[in-house]
Amino acid sequence: WAVQREGALLGVLTWQRSLGLTDTLWLATPEKVEEDAVRELLTCTRRQISTQRIARLNLPASFAAEARLEAGYEVGHTLIWMEYRLGL
């Protein structure tokens, strides 16, 4: 799925079906995220994929948090993301 406004691509979401019970959703957005675009993608996806399967979306906890909740997605796990910076 993709969402655009005035010819500008605001986000893309793909669904990767698995052989197990859990499918994976992959979300790509520009660096400057528009929450309404994320909300629209997630809402559209929920309407079109099977409700019999679990769909996981791995994102940082703060990424479009309000949009995810409004689209009906729940927080399953929260991870601490770490990065290594050279020269610190």
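Since this is a predicted model, take the numbers as computed values, not measurements.

**A few points about the pattern of salt bridges**
Then comes step 1: By the definition in use, this model includes three salt bridges.
Then comes step 2: The salt bridge involving E34 is made with R5; its shortest N-O contact spans 2.6 Å. Taken together, the residues E34 in the loop between β3 (22–28) and α1 (35–48) and R5 in strand β1 (residues 2–5) connect sequence positions 29 residues apart.
Then comes step 3: Overall, R5 belongs to the partly exposed group, its relative accessible area being 37%.
Then comes step 4: A salt bridge links R5 to D36, with the shortest nitrogen-to-oxygen separation between them at 2.7 Å. One end of the pair, R5, is in strand β1; the other, D36, is in helix α1, with 31 residues separating them in the sequence.

**Details of the nonpolar core**
Then comes step 1: L13, L27, V38, L42 and L57 are the most contacted members of the largest nonpolar core, which has 15 residues in total.
Then comes step 2: Elements represented by at least two residues in this core include exactly β2 (8–16), β3 and α1.
Then comes step 3: No other element matches α1, which puts four residues into this core.
Then comes step 4: Leave out the neighbours within four places in its chain, and L42 touches L13, L57, R68, A71 and Y73.

**Topic: the sheet that holds strand β4 (residues 54–57)**
Then comes step 1: On the basis of which strands lie adjacent, the open sheet formed by four strands has the order β1-β2-β3-β4 and mixed pairing. At either end of the open sheet lies a strand with only one pairing partner, and these are β1 and β4. When the angles between neighbouring strand axes are averaged without regard to direction, this sheet yields 20°.
Then comes step 2: Summarising the sheet, β3 and β4 pair through four bridges and their orientation is parallel. Directly across from T22, in β4, lies its bridge partner I54.
Then comes step 3: Docked against the sheet, α1 engages β1, β2, β3 and β4, running at close to 30° with respect to β2.

**Quick notes on the pairing of β1**
Then comes step 1: Summarising the sheet, β1 and β2 pair through four bridges and their orientation is antiparallel. Note on β2: the bridge partner recorded for A2 is V12.
Then comes step 2: Hairpin connection between β1 and β2: a loop of two residues separates the two successive antiparallel strands, and E6 in this loop has a positive phi of roughly 50°.

**Things to note about the layout of surface pockets**
Then comes step 1: Put simply, the largest pocket is a space of about 770 Å³.
Then comes step 2: Those elements that place two or more of their residues in the lining of the largest pocket are β4 and α2 (65–70).
Then comes step 3: With four residues, the top contributor of residues to the lining of the largest pocket is β4.
Then comes step 4: Its residues placed into classes, the lining of the largest pocket shows 14 nonpolar, seven polar and six charged.

About the cut-offs
Residues numbered from 1 in each chain as written. Predicted model: local features only at pLDDT ≥ 70, side-chain atom pairs only at ≥ 80, totals over all residues. Heavy atoms only, no water. Salt bridge = Lys/Arg side-chain N within 4 Å of Asp/Glu carboxyl O. Helix = DSSP H or I, 4+ residues; strand = E, 2+ residues; numbered from the N terminus. Buried < 20%, exposed > 50% of the residue type's maximum accessible area, 1.4 Å probe, protein only. Core = buried A, V, L, I, M, F, W, Y, C linked by side-chain atoms within 4.5 Å. Contact = heavy atoms within 4.5 Å. Pairing = 2+ DSSP bridges. Axes fitted to C-alpha atoms, helices over the stretch in contact; angles between N-to-C directions. 1 Å grid on protein atoms, 1.4 Å probe; cavity = no way out; pocket = protein on both sides within 12 Å on 5 of 7 lines; lining within 4 Å. Points joined across faces, edges and corners; volume = space filled by probe spheres on them. Nonpolar A, V, L, I, M, F, W, Y, C, P; charged D, E, K, R; others polar.

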